[in-house]
Amino acid sequence: KKELVTGPVEVRDIYKLSQVGTVADAYVTEGKVHRTDRARVVRDGIVVHTADINALERYKDDVKEVAANFECGISLVNFNDIQVGDILETFTEIEVQQKL
């Protein structure tokens, strides 16, 4: 398996919702973020957690992807310790065929 980084996302604000948990108000700095991606939470240059993306929204609408230079709301599966200033590094896993 090979990891393909799809884009870094900068956390600008945090919202705590009773039904969902913690939602990060984030800004996609480059690339595209897809709902099927996984995300690494990077705090002060250290990877804190890796999880699947639970929800990806723009203006309260669920979306499949968010392009660069747009804001979005993002939440992770079973992880509520997102803080302002964290970088969410999104990636997809691709299976590469083995070579002899």
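Everything in this summary refers to the structure shown in the same document. (Residues numbered from 1 in each chain as written. Predicted model: local features only at pLDDT ≥ 70, side-chain atom pairs only at ≥ 80, totals over all residues. Heavy atoms only, no water.)

Things to note about the pairing of strand E9 (residues 87-94)
Consecutive side chains of a regular strand alternate in pointing toward one face of the sheet and then the other. One ladder, built from 8 bridges, connects strand E1 (residues 2-17) with E9; its direction is antiparallel. Following the sheet pairing, lysine 2 is matched in E9 by isoleucine 94. Two strands pair when backbone bridges link them, and strand E4 (residues 38-43) and E9 are joined in this way by 5 bridges, in the antiparallel orientation. Bridging across to E9, arginine 40 finds its partner in glutamate 89. (Pairing = 2+ DSSP bridges. Helix = DSSP H or I, 4+ residues; strand = E, 2+ residues; numbered from the N terminus.)

A short note on the environment of glutamate 89
Relative to the elements of secondary structure, glutamate 89 occurs in strand E9. Expressed as a C-alpha distance, the spacing of glutamate 89 and asparagine 78, which sit 11 residues apart in the sequence, is 17 Å. Setting aside residues up to four positions removed in sequence, glutamate 89 forms contacts with Val5, Gly7, Pro8, Arg38, Ala39 and Arg40. Reaching out from glutamate 89, the side chain makes a polar contact with the side chain of arginine 40 at a distance of 2.5 Å. (Contact = heavy atoms within 4.5 Å. Polar contact = N/O pair within 3.5 Å; in protein donor to acceptor, adjacent residues only side chain to side chain.)

Section: the nonpolar core
Counting residues in each nonpolar core, the largest one holds 18 residues, and the members touching the most others are Ile53, Leu56, Ile74, Leu76 and Leu88. Mapped onto this core, the elements with two or more residues apiece are E1, strand E2 (21-28), E4, strand E5 (46-58) and strand E8 (71-76). The contact partners of leucine 76, leaving out residues within four places of it in the chain, are Ala39, Val41, Ala51, Asp52, Ile53, Asn54, Ile82 and Leu88. (Core = buried A, V, L, I, M, F, W, Y, C linked by side-chain atoms within 4.5 Å. Buried < 20%, exposed > 50% of the residue type's maximum accessible area, 1.4 Å probe, protein only.)

Here we look at the pattern of salt bridges
All chains considered together, the criterion is met by 9 salt bridges. A salt bridge links glutamate 3 to arginine 40; the nearest nitrogen and oxygen atoms lie 2.1 Å apart. Note that glutamate 3 is positioned in strand E1 and arginine 40 in strand E4, a separation of 37 residues in sequence. Here arginine 43 makes a salt bridge to aspartate 86, at a shortest N to O gap of 3.0 Å. Here the residue arginine 43 occupies a position in strand E4, and aspartate 86 occupies one in the loop between E8 and E9, the gap between them amounting to 43 residues. Judged on exposure class, the residue arginine 43 and its partner aspartate 86 are both buried. One network of salt bridges, with partners in common, ties together Glu3, Arg40 and Glu89. (Salt bridge = Lys/Arg side-chain N within 4 Å of Asp/Glu carboxyl O.)

Concerning the packing of aromatic side chains
Scanning the model with the defined rule gives 0 aromatic pairs in all. Arginine 12 extends its terminal NZ or CZ atom over the ring of tyrosine 27, reaching a point 4.2 Å from the ring centre. We note arginine 40 situated over the ring of phenylalanine 91; from NZ or CZ to the ring centre the distance is 4.2 Å. (Phe/Tyr/Trp six-rings, centres within 6.5 Å; stacked < 30°, edge-to-face > 60°. Lys NZ or Arg CZ within 6 Å of the ring centre and 35° of its normal.)

Notes on the environment of glutamine 83
Checked against the element boundaries, glutamine 83 lands in the loop between E8 and E9. Exposure remark for glutamine 83: the relative accessible area of 37% places this residue in the partly exposed category. Apart from residues lying up to four places away in sequence, glutamine 83 is in contact with Val11, Ile14 and Arg43.

Function cannot be read off these values alone, since they describe shape.
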